[in-house]
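# Observations on the model geometry
Here is what each chain is made of, one letter per residue.
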Amino acid sequence: MTAIPILDVQRLTKTYRTGAGELNVLKEISFSLPQGATCAILGPSGSGKTTLLGLCAGLDRPTSGSVLLNGDPLADMDEDERARVRNQHVGFVFQNFQLIPTLTALENVTVPMELRGDRAARALGLELLQRVGLGDRVAHYPTQLSGGEQQRVALARAFINRPKILFADEPTGNLDAETSSGIIDIMMELNRSAGTALVLVTHDPDVAGLTGRTIRLRSGEAV
Amino acid sequence: MHPSFIWKMAWRDSRSSRRRLLVFSISITLGIAALVSIGSFRNSVSQAIDDQARSLIGADLIVESSRPFKAEEEMFLRSLGAPQARETRFTTMAVFPAGGGTRLVHVRAIGGDFPFYGTMETEPASAAREFRDGTRAVVEESLLIQFGARVGDRVRIGDVEFSVAGAVHKMPGEASAGASFAPRVYIPLQDLPATNLLKPGSIAQYRNYVKFPASADVEARVKLIEPEMQRLNLEYDTVAKRKKDLGAALENLYRFLNLVGFIALLLGAVGVASAIQAHLQQKHRTGAILRCLGASARSTVFVYLLQAAAMGLVGATAGAALGVAMQRVFPAILNSLIPLPISTSIAWEPILRGMLVGFAICVLFALPSLLRFRKVAPLLVLRSSTEGDGRGGRSSFDPLVTVVYLIIAGSVTAFAISQTETWTRGLVFAAVLGLSISIFAGMAKLLIVLVRKFFPHNWSFALRQGLANLYRPNNRTLLLTVSLGLGTFLLLNLYLSREVLLAQFRSIDAKDQPNIFLFDIQPDQTRGVADIVRSSGLRVIQEAPVVTMRLSEIKGRKTSDILADPKRKIPEWQLQREYRCTYREQLSNTEKVTEGEWIGRVDYHPGDAVPISIDKDIAKDFEAKLGDELVFDLQGVPIKTRIASTRDIDWKRFQTNFFVVFPAGVLEAAPTFNVLVSRVNDANESARLQSAVVAQYPNVSALDLTSVIQTVDAILSKVALVIRVMSLFTVGAGLIVLASTIWSGRYQRLRESILLRTLGASRMQIWKILCAEYAMLGVLASGTGIVLAVASSWALARFVFKLDYAPSIWPLLVAALAVSGLTVIIGLLTSRGIGSAPPLEILRAEAE
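Here's what I pulled together on the structure shown here. What you see is a predicted model; the values in this text were computed from it and never measured. Residue positions within a chain follow its written sequence, with the count starting from 1. Key to labels: chains lettered from A, ligands numbered from 1, both in the order written. A pLDDT threshold of at least 70 governs which residues receive local features in this predicted model, and a stricter bar of 80 or more applies before side-chain atom pairs are shown or counted, although totals over entire chains, interfaces and linings include all residues. By convention in this description, side-chain values take in all heavy atoms of the structure and omit both hydrogens and water.

## Details of the overall build of chain A
Condition: Secondary structure is summarised from DSSP: a helix means a run of H or I of at least four residues, a strand means a run of E of at least two, and numbering begins at the N terminus for each. Partly exposed describes any residue whose relative accessible area lies between the buried limit of under 20% and the exposed limit of over 50%, with all areas from a 1.4 Å probe on protein chains only and scaled to the type maximum. By definition in these notes, contact holds between two residues if any of their heavy atoms fall within 4.5 Å. Every accessible area reported is derived by Shrake-Rupley at a probe size of 1.4 Å, with residue values counting cover from the shown protein chains alone.
In terms of regular secondary structure, chain A is built from seven helices and 10 strands. A total of 223 residues make up chain A; the buried ones form 56% of that total. Sequence-distant contacts, at least 24 apart, represent 72% of the contacts inside chain A between residues at least 6 apart. For chain A, the exposed area adds up to about 9,500 Å²; of that, 47% sits on carbon and sulfur atoms.

## Considering the sheet that holds strand β7 (residues 165-169) of chain A
Residues and elements named next belong to chain A. What counts is decided by this rule: Paired strands, in this sense, are two strands between which DSSP finds at least two bridges. With axes taken as lines fitted to C-alpha atoms, and helix axes fitted only over the stretch in contact, angles between N-to-C directions fall between 0 and 180 degrees.
Read from one edge of the open sheet, six strands run β6-β7-β8-β3-β9-β10, paired in mixed fashion. With partners counted over all chains shown, the strands left at the sheet margins are β6 (90-93) and β10 (221-222), one partner each. Two strands pair when backbone bridges link them, and strand β3 (residues 38-42) and strand β9 (residues 214-218) are joined in this way by three bridges, in the parallel orientation. Note that in β9 the partner of A40 across the bridge is T214. Along the sheet, helix α5 (residues 147-159) makes contact with β6 and β7, crossing β6 at roughly 175°.

## With respect to the packing of aromatic side chains
Going by this rule: Pairing of aromatic rings covers Phe, Tyr and Trp, the last counted by its six-membered ring, and requires centre-to-centre distances within 6.5 Å; plane angles under 30 degrees mean stacked, over 60 mean edge-to-face, and any other angle means tilted. For a lysine, the NZ atom is tested; for an arginine, the CZ atom; a charge sits over a ring if that atom is within 6 Å of the ring centre and within 35 degrees of the ring normal.
A complete count under the given rule lists eight aromatic pairs over all chains for this structure. When the ring of F114 of chain B is compared with that of Y209 of chain B, the centres are 3.6 Å apart and the planes differ by 15°; the resulting orientation is stacked. Residue F114 of chain B is found in the loop between β3 (101-111) and β4 (121-123), and its partner Y209 of chain B is found in strand β9 (residues 205-210); the two are separated by 95 residues along the sequence. The two residues F114 of chain B and Y209 of chain B agree in class, both being buried. An aromatic cluster is present here, built from F92, F94 and F167 of chain A joined pairwise through their rings. One residue, R18 of chain B, lies across the ring of W11 of chain B, its end atom 3.6 Å from the ring centre. The ring of Y236 of chain B is capped by K241 of chain B, whose NZ or CZ atom sits 4.1 Å from the centre of that ring.

## Some points on the interface of chain A and chain B
Operational definition: For this analysis, a salt bridge means a side-chain nitrogen from Lys or Arg found within 4 Å of a carboxyl oxygen belonging to Asp or Glu. Under the grouping applied here, Gly and all other residues not named as nonpolar or charged are polar, the nonpolar ones being Ala, Val, Leu, Ile, Met, Phe, Trp, Tyr, Cys and Pro and the charged ones Asp, Glu, Lys and Arg.
The interface is formed by 34 residues belonging to chain A together with 29 residues belonging to chain B. With a shortest N-O distance of 2.5 Å, K8 of chain B and E114 of chain A are connected by a salt bridge. Those elements giving two or more residues to the side of chain A that touches chain B turn out to be α1 (49-56), α2 (79-89) and α3 (105-115) of chain A. Split into classes, the residues belonging to the side of chain A that touches chain B amount to 13 nonpolar, 11 polar and 10 charged.

## Some remarks on the pairing of β7 of chain A
Note on strand geometry: in a regular strand, side chains alternate between the two faces of the sheet. Residues and elements named next belong to chain A. Most of β7 is tucked away: five of the five residues are buried. Residue alternation in β7 divides its side chains into two sets, I165, F167 and D169 and L166 and A168, and both sets are buried. Relative to β7, β6 runs parallel, the two being bridged by four bridges. Bridge pairing in β7 places V90 opposite I165. Sheet analysis places β7 next to strand β8 (residues 197-202), joined by five bridges and oriented parallel. Opposite D169, over in β8, you have V201 as the bridge partner.

## Quick word on helix α15 (residues 399-420) of chain B
Two residues of an α-helix separated by three or four positions point the same way, owing to the 3.6 residues in each turn. All names here are of chain B. Condition: By this rule, a helix spans an expected 1.5 Å times one less than how many residues it contains. By the criterion applied in these results, polar contacts are pairs of N or O atoms within 3.5 Å in which, for protein atoms, one can donate a hydrogen and the other can accept it, and in which residues neighboring in sequence qualify only through two side-chain atoms.
The end-to-end C-alpha distance of α15 is 31 Å, a good match for the 32 Å that 22 residues give at a rise of 1.5 Å each. Among the residues of α15, those classed as buried are V401, V404, I408, V412, T413, F415, A416, I417, Q419 and T420. With a side-chain oxygen positioned 3.1 Å from the backbone nitrogen of L400, the residue opening α15 is D398. Just beyond α15, the residue with positive phi is E421, at close to 60°.

## Description of the packing of α3 of chain A against helix α4 (residues 121-131) of chain A
Residue and element names in this part refer to chain A. To keep it simple, the criterion reads: Reported orientations rely on four angle classes, namely roughly parallel under 35 degrees, roughly antiparallel over 145, roughly perpendicular from 65 to 115, and oblique for the rest. Here a crossing is called left-handed whenever its near helix is offset anticlockwise from the far helix by less than a right angle, and right-handed whenever the offset is clockwise.
At their nearest, the axes of α3 and α4 sit 9 Å apart, and the two run at 130° to each other. In terms of axis orientation, α3 runs oblique to α4. In the packing of α3 onto α4, the handedness of the crossing is right-handed. Contacts between α3 and α4 involve A105, L106, V109, T110, M113 and E114 from the first element and A121, R122, L124, G125, L126 and L129 from the second. Taken together, the residues that form the contact of α3 with α4 break down as eight nonpolar, two polar and two charged.

## So, the pattern of salt bridges
The tally for this structure, following the rule as stated, stands at 34 salt bridges over all chains. For D398 of chain B, the salt bridge is made with K375 of chain B, and the minimal N-O distance between the two is 3.6 Å. Linking D398 of chain B in the loop between α14 (387-390) and α15 with K375 of chain B in the loop between α13 (348-373) and α14, this pair joins segments that are 23 residues apart in sequence. Connected through shared salt-bridge partners, E107 and E114 of chain A together with K8, R12 and R15 of chain B make up one network.

## Description of unusual backbone geometry
The omega torsion of the bond from F114 of chain B to P115 of chain B falls at 0°, within 30 degrees of zero and hence cis. Relative to the helices and strands, P115 of chain B resides in the loop between β3 and β4. Cis geometry marks the peptide bond from E123 of chain B to P124 of chain B, where omega comes out at -5°. Position of P124 of chain B among the secondary structure elements: in the loop between β4 and α4 (127-130). The phi dihedral of R162 of chain A falls on the positive side, at around 45°, and the residue is not glycine. Here R162 of chain A lies in the loop between α5 and β7. R162 of chain A sits in the exposed class, given a relative accessible area of 59%. Of note in the backbone geometry, E170 of chain A takes a positive phi value of approximately 45° without being a glycine. By secondary structure assignment, the location of E170 of chain A is in the loop between β7 and α6 (177-194). For E170 of chain A, a relative accessible area of 10% puts it in the buried group.

Structure follows, in structure tokens:
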């Protein structure tokens, strides 16, 4: 019996209607990612990387085509069902970190577990913050943390639910080279130890090279 | 989402905005304080009325007549049992011989142990008992103050000089404010004949107070004797009747105050709604992150619903606390208008009701913004450009939001109906409110369109920026115009309406209009009194004989039969009252004939039907038309009349007007007293005339318009003080809403200003931009408010008060300047720091 791929994308197309006519942002993209595998989406600005990531993670609806996440067709779900899938199976890391500014580092990390009412959230959150090297900054607010530290909090948050797949949107885009490599290392290490699949959006070929597979995008088409 | 997380998230997320949310919640505090204090006051008063019911009239039953009791009536009164007391009331002039001061007073000549319930409070306390022994009087304190008199001084009433035994503070059943029109003087009944004041035809009330045994059922007994009292044409009063009248009068006051309080609360609710909207606008990213991490739309909304509910609770609690503290204010102001001592105690019912209303309205008004928040797209975390979607596409139709708006409109209408206690009034109130809001919103929209269309491209950068801010995305033009404009409208409307009423009183005193009445002039004194007036250099503007009579038949039906008819439409007082009629050949200048023919003189033979002229409203009450017959009873002699004409009378003029006018040639021989109307130029002239007349004719009374205006002014200013206190609630709420609305837009302003500063704008330029924007808003809002206030106060004057309308321009200018100025000042104060702090620092501190 073959295992279900964690992500199965078929003929995915996204079109925006603009004043000047239709704008094809993504054209018929198809790929499949086995459980635990890693993959990079590489391409210049405006090539449709982030749109593809948003569609794969169920943050947006495609114009046509399908996305199966852990075998579940996202297109058939309403927004709240997709939210539940995200909570159960998906982790996120964003270029601009997207921490909730009114919550401390620890509270940010525990949000996904607390959403489910899981009482072990605090202990697990503390452990993850230790692992990303922020054991002494748990009570700090995002504005009191540097960019690299904020991204490490975001990483801890992404892994707290032991997601089956992690979507990372240019996770080092706002960081300097040294901090970036630290973040990538932590991400890869967490990925390996938890067996999480990884979809990494980047425009850096070196970062893409660390993953098992690279999808190159140009003007919305896989090349 | 797990429920516990919603609570946790709501609490944690509020961290950076708690202080701000707290300030926003104050928006509803004043409105609730108003409702709670009025409700508590109402409770205290009805408690006082229940507790002290019997002292409301000081007896179980008052039987009253406008002439001395006849033998038959005395027999009836004796049958009612003991104890009883007597009182004769009338107005006359009191003279303080020491200083020569004269003033119209209400004499109450008391015989017996009245009051049976409650106590007559005097200073010294012993005076209440002592004056009854003879030739001593207890007088209103204001009278002593006016003439610099003291206890022991003399006061002359008619032919008797009394020694002042003390000053009266409180008498059961009498509100002190009612007495200020003519101050009260209590004398013993046995001294009344010696005063020589009451002559046939004199106007006086004769009262008989009855106390039933403690075990008696007062209601049942009164019901039993009611037919007999009606047959004898005796009026009566009981505790139950008085309680009902007092309750009805107070209900009107509560209703009015409650509506003003409700408007303050509504303004506050608008403030809360705008604060929540702004708060949520800053929470879009948090909402998107939560959605991204797996929170459902509903739970995300719940997080902020909890925050809004908490705001409502805090605002409502603070309002209730303030209201409890405030309830002491009303008794202090209205003490002299209510004939009972009012104690303030904490009543939970109005407090809880006020809090509930406040809390509900707060949450209800927050709901539209909250519902739109459920449309925040998780995609926002990837692209800030999807922010537009996150706002829920305001232009897109959301049925749920529409339902909430309908619920809001329904609740406001329901509340208005519950406050005014009639369907029509409540609906009218709600409709006017809805219409005003639509007009304000329409004006704001129109302005936005006009500014865009005719944009002054040649203005300075700062002015152009400020102006453009009025229509840029996320502008607060609509909200501020509605809240500020509504506030201006309400205040100005209250002010203008009061001006209309006061102007009416002032116009009475206009040049050449009569302002002094001399009355109770006996027929043989008419010439003498007129001579005194003329020799004082004054004009006799009008002289009229007055004949008092009662109505005994209308269109062939006896008034006693009509009274007994349960289906009658004619008001009881119209049937039982004394008609003070006059006779003359010409119409006066305050009346004109609306129907029929004016007949000035007839050749009368007993038994003829006299062609009379009656007031057109009374004719309507009687359901009588021209030619119908009325029979009057003139001291036992029936006088048959027929309606020859109806008149429209201008009652607002300070002149003698009569419901019923006879032609000359009929009543000349009847018992008559005369009235003389003149004009004095100042208080000295008035005092000189009064002294001269009273010195020669002690039975003649004088009423000076100045004292009437003073009395009306005193009562009005008390009422006006209450209205002003209530208006302050509205103004206060309006200003808090203004501050919170501007503050809630601060984040957006901040980002724009920082960007401009980064691009090289100076602090001054940023201030100018903000000034221009707030000034434009202030002018727009106040302008709309002023136009509406003028229109509605005109309508009130024209259709409700039926008075002339000519508002002065000054209050309008002051309102425009004050509102625009306050908008700019509060706008700049709440924007403090935006122009000066380093951009990065602000960005970090105010990031959310």
